[in-house]
Amino acid sequence: MKLMVASDIHGSAYYCDKLIRAMEIENPDRLVLLGDLLYHGPRNDLPRDYAPKKVIEMLNGISDKVLCVRGNCEAEVDQMVLDFPVMADYAYIVADGLNIFATHGHVYNNDNLPKLKNGDILLHGHTHIPADVDFGTYRYVNPGSVSIPKEGSAHNYIIIENGQITFKELV
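Now for a quick tour of the structure. (Residues numbered from 1 in each chain as written. Predicted model: local features only at pLDDT ≥ 70, side-chain atom pairs only at ≥ 80, totals over all residues. Heavy atoms only, no water.)

### Observations concerning the pairing of strand 4 (residues 90-95)
1) Next: Here strand 4 shows one buried face, formed by Ala91, Ile93 and Ala95, and one open face, formed by Tyr90, Tyr92 and Val94.
2) Next: Where strand 4 meets strand 5 (residues 98-103), six bridges bridge the pair, whose relative direction is antiparallel. When the bridges of strand 5 are listed, tyrosine 92 appears paired with phenylalanine 101.
3) Next: Linking strand 4 back to strand 5 in an antiparallel pair, the connection comprises two residues, with aspartate 96 at a positive phi of about 50°. (Buried < 20%, exposed > 50% of the residue type's maximum accessible area, 1.4 Å probe, protein only. Helix = DSSP H or I, 4+ residues; strand = E, 2+ residues; numbered from the N terminus. Pairing = 2+ DSSP bridges.)

### Focus on helix 2 (residues 52-60)
1) Next: Along helix 2, the residues that are buried comprise Pro52, Val55, Ile56, Leu59 and Asn60. Along the axis of helix 2, the buried residues cluster in a sector spanning 125°; they form a single face. Facing away from the buried side of helix 2, by more than 90 degrees, are the exposed residues Lys53, Lys54 and Glu57.
2) Next: Where helix 2 is buried, its residues meet helix 1 (13-26), strand 2 (30-33) and helix 3 (76-81). (Arc of directions from axis to C-beta. Contact = heavy atoms within 4.5 Å.)

### Quick notes on the sheet that holds strand 4
1) Next: Strand order in the open sheet made by the five strands is 4-5-6-8-7, with mixed pairing throughout. Two strands close off the open sheet at either side, each with one partner strand: strand 4 and strand 7 (131-134). Across the sheet, the mean angle separating the axes of adjacent strands is 20° when strand polarity is ignored. (Axes fitted to C-alpha atoms, helices over the stretch in contact; angles between N-to-C directions.)

### Topic: unusual backbone geometry
Most peptide bonds take the trans form, and the phi angle of most residues other than glycine is negative.
1) Next: Residues other than glycine seldom take positive phi values, yet aspartate 36 does so here, at roughly 55°.
2) Next: With respect to the helices, strands and loops of the structure, aspartate 36 is situated in the loop between strand 2 and helix 2.
3) Next: By relative accessible area, aspartate 36 is classed as buried at 2%.

### Here we look at a nonpolar patch on the surface
1) Next: Judged by side-chain polarity, Tyr39, Val77, Met80 and Val81 come together as a nonpolar surface patch covering roughly 380 Å² of accessible area.
2) Next: We classify methionine 80 as exposed; its relative accessible area is 69%. (Patch = residues over 30% accessible without salt bridge, like charges linked within 9 Å, V, L, I, M, F, W, Y side chains within 5 Å. Areas by Shrake-Rupley, 256 points an atom, 1.4 Å probe, with all protein chains shown as cover. Salt bridge = Lys/Arg side-chain N within 4 Å of Asp/Glu carboxyl O.)

### What about the packing of aromatic side chains?
1) Next: For the coordinates displayed, the defined rule picks out five aromatic pairs.
2) Next: An angle of 20° between the planes, with centres 4.8 Å apart, marks the rings of tyrosine 90 and phenylalanine 101 as stacked. A residue pair is termed long-range when its members are at least 10 positions apart, and tyrosine 90 in strand 4 and phenylalanine 101 in strand 5 qualify at eleven residues.
3) Next: Ring-pair connections join several aromatic residues into one group, and the members of that group are Tyr90, Phe101 and Tyr108. (Phe/Tyr/Trp six-rings, centres within 6.5 Å; stacked < 30°, edge-to-face > 60°.)

Here it is in structure tokens:
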């Protein structure tokens, strides 16, 4: 199974388009979105080409491939316009021998761990900072942000395939 993982689009039509173009090249089985799809939130500047309605149209066009969890910027009204579930706090994914707890990161994170078994992966966005840290009993992975990366990081996504996690930059 090949998973493509991205987080924090924040309504950027420009970077959502880049993500979908990368998806066409990567051809994953699923696109896992870790929340904050449409709105930028009060702490962030507007991302490039902020156009939530265009992002809705683009994401609905690939809804059959999307697995999504709720970010802190999602609201019930977002579910009314998106053709895939967006309100779950987490998803548990088993792929190629990896047990992955996927969430946005504003509820479950390194300071508030969910129930993880030894060797599980905690996968979340929210911080806009890419990370891949082995804490011994679990591994923490964060793709960073598609549209508003922080701390000098790139506009990233992740590919999970054959038990390997690879960070890639949107081009």
